[in-house]
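Examining the three-dimensional arrangement
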Amino acid sequence: MSYNINWFEDNFVAIPSGVFGNCSACCFRNLSKELFCKKLQCVDENSGVCVYWDTKVPGEKRELLMGMPSKEMIEWFNGTPLCRARRFSLGIVNKALQNRKQNVK
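Quick caveat, the model's predicted, so the values are computed rather than measured.

What counts, and at which threshold
- Residues numbered from 1 in each chain as written.
- Predicted model: local features only at pLDDT ≥ 70, side-chain atom pairs only at ≥ 80, totals over all residues.
- Heavy atoms only, no water.
- Helix = DSSP H or I, 4+ residues; strand = E, 2+ residues; numbered from the N terminus.
- Rg over C-alpha atoms; globule rule 2.2 N^0.38 Å.
- Buried < 20%, exposed > 50% of the residue type's maximum accessible area, 1.4 Å probe, protein only.
- Contact = heavy atoms within 4.5 Å.
- Areas by Shrake-Rupley, 256 points an atom, 1.4 Å probe, with all protein chains shown as cover.
- Lys, Arg positive; Asp, Glu negative; His and termini not counted.
- Charge placed at Lys NZ, Arg CZ, Asp CG, Glu CD.
- 1 Å grid on protein atoms, 1.4 Å probe; cavity = no way out; pocket = protein on both sides within 12 Å on 5 of 7 lines; lining within 4 Å.
- Points joined across faces, edges and corners; volume = space filled by probe spheres on them.
- Nonpolar A, V, L, I, M, F, W, Y, C, P; charged D, E, K, R; others polar.
- Disulfide = S-S within 2.5 Å.
- Salt bridge = Lys/Arg side-chain N within 4 Å of Asp/Glu carboxyl O.
- pLDDT = per-residue confidence, 0-100.

Some remarks on the overall build of the chain
On a plain count of helices and strands, the chain comes out with four helices and two strands. Ordering the α and β elements of the chain from the N terminus gives α-β-β-α-α-α. Here the C-alpha atoms of the chain give a radius of gyration of 13 Å, agreeing with the 13 Å that 2.2 N^0.38 yields for 105 residues. Going through the 105 residues of the chain one by one, you find that 32% of them count as buried. Look at the contacts in the chain between residues 6 or more apart in sequence, and 84% of them connect residues 24 or more apart. Counting every atom, the chain has about 6,400 Å² of accessible surface; 54% of that belongs to carbon and sulfur. Charged side chains in the chain number 15 positive and 10 negative. The centres of these two groups are separated by 5 Å.

As for the layout of surface pockets
Of the volumes computed, that of the largest pocket is approximately 200 Å³. If you go around the largest pocket, you meet 14 residues; those closest to its centre are C23, C26, C37, C42 and W53. When its residues are assigned to classes, the lining of the largest pocket shows 10 nonpolar, two polar and two charged.

Quick notes on the environment of L90
Following the sequence through the fold, L90 ends up in helix 4 (residues 82–104). The partly exposed category is assigned to L90, whose relative accessible area is 27%. As a C-alpha pair, L90 and Q41 span 49 residues in sequence and 5.4 Å in three-dimensional space. Setting aside residues up to four positions removed in sequence, L90 forms contacts with Q41 and V43.

Considering the state of the cysteines
For the structure on display, the rule yields zero disulfides. C37 takes part in no disulfide bond, and the closest cysteine sulfur to it belongs to C26, at a distance of 5.8 Å. On the accessibility criterion, C37 (26% relative accessible area) is partly exposed. Note on C50: no disulfide assigned, nearest cysteine sulfur contributed by C23 at a separation of 8.0 Å.

A word on the pattern of salt bridges
Counted by the stated rule, this structure contains four salt bridges. One salt bridge connects E34 with K38, and the closest N-O pair in it is separated by 2.9 Å. Note on K38: relative accessible area 46%, which makes it partly exposed. Its salt-bridge partner being K61, residue D54 comes within 3.6 Å of it at the nearest N-O pair. On the basis of relative accessible area, K61 is assigned to the partly exposed category, the value being 22%.

Overview of the confidence of the model for the chain
Of all residues in the chain, 96% have pLDDT values of 70 or greater, and the mean over the chain is 91. Mean pLDDT in the chain bottoms out at helix 4, which sits at 89, and peaks at strand 2 (residues 50–55), which reaches 96.

Rendered as structure tokens:
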């Protein structure tokens, strides 16, 4: 597989969940925290608003909840440095929060 810099953003969406977070709703909850969760930014440090992650393709969430991430997902997480993965995920978090603000107005 060639490295797709946009793979994560193409496959996952951040759902704002308030200041306490909602790890129990996150699609990564049954996977290795070391490999997956620690590489993601799940809170906007300016506002303190947390997000949980969901898949854009509904059937993929079921696979993740059963503890079976796709080969592409494992390769992306293994091949993406921590700082880059956090930067990508923080960009998605910021977009989700901006969309939420626009929808509230």
